Amino acid sequence: MSNCLFCKIRDGQIPAKVVYRDDVCLGFEDINPQAPTHVLFIPLKHIATVNDIAMEDRELVGHLYTAAARLARERGHADKGYRLVMNCNEDAGQTVFHLHLHLVAGRPMGWPPG
Ligand code: 5GP
Ligand code: ZN
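Keep in mind that this is a model prediction, so the values were computed, not measured.

Here's the deal with the nonpolar core
Within soluble globular proteins, side chains that are nonpolar tend to cluster in buried spots. Core analysis: the biggest nonpolar cluster contains 16 residues, and F41, L64, M86, L101 and L103 have the highest contact counts within it. Secondary-structure elements contributing two or more residues to this core are strand 3 (37-43), helix 2 (58-74) and strand 5 (101-105). Looking at which element gives the most residues to this core, the answer is helix 2, with 7 residues. Setting aside chain neighbours within four positions, we find L103 in contact with T37, H38, V39, F41, A68, L71, A72, Y82, R83 and L84. Ranked by size, the runner-up nonpolar core spans 9 residues in total, among them C4, F6, I9 and I42.

Here you go:
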């Protein structure tokens, strides 16, 4: 997608602090972190929202979770815990329409979300 912010980050056209990369996904620091750790994991493939995940993308979505959990463990968050969030569309507050998994960690978090 030529006009997608996260495709541009994937392609190096917009800078980001990349903390994880493999052949399926990319992890980079959120520009407006909501906790000591706030990393976004995106598939290299452009998928706009959770609504657009196809059956063929099942492994890819699992891959995002595995990568996020690995980084959470490396940063020492595994035992205390962390939150993984994918916002879908307006009511959930999605603002960038390239699928992304938020890894938020390093402080206690409330539930339910606002
Ligand atoms: P959403 O609200 O769509 O679930 O999350 C989008 C996230 O992308 C937000 O947490 C926001 O801070 C982050 N974000 C927006 N623009 C940029 C950017 O240019 N660079 C980075 N690293 N993060 C961004
Ligand atoms: Zn994109």
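Some thoughts on the side chain of H98
Structurally, H98 is set in the loop between helix 3 (89-92) and strand 5. Residue class for H98 comes out buried when judged on its relative accessible area of 0%. Within the local environment of H98, its side chain forms a polar contact with the side chain of H46, the two groups lying 3.3 Å apart.

Analysis parameters
Residues numbered from 1 in each chain as written. Chains lettered and ligands numbered in written order. Predicted model: local features only at pLDDT ≥ 70, side-chain atom pairs only at ≥ 80, totals over all residues. Heavy atoms only, no water. Core = buried A, V, L, I, M, F, W, Y, C linked by side-chain atoms within 4.5 Å. Buried < 20%, exposed > 50% of the residue type's maximum accessible area, 1.4 Å probe, protein only. Helix = DSSP H or I, 4+ residues; strand = E, 2+ residues; numbered from the N terminus. Contact = heavy atoms within 4.5 Å. Polar contact = N/O pair within 3.5 Å; in protein donor to acceptor, adjacent residues only side chain to side chain.

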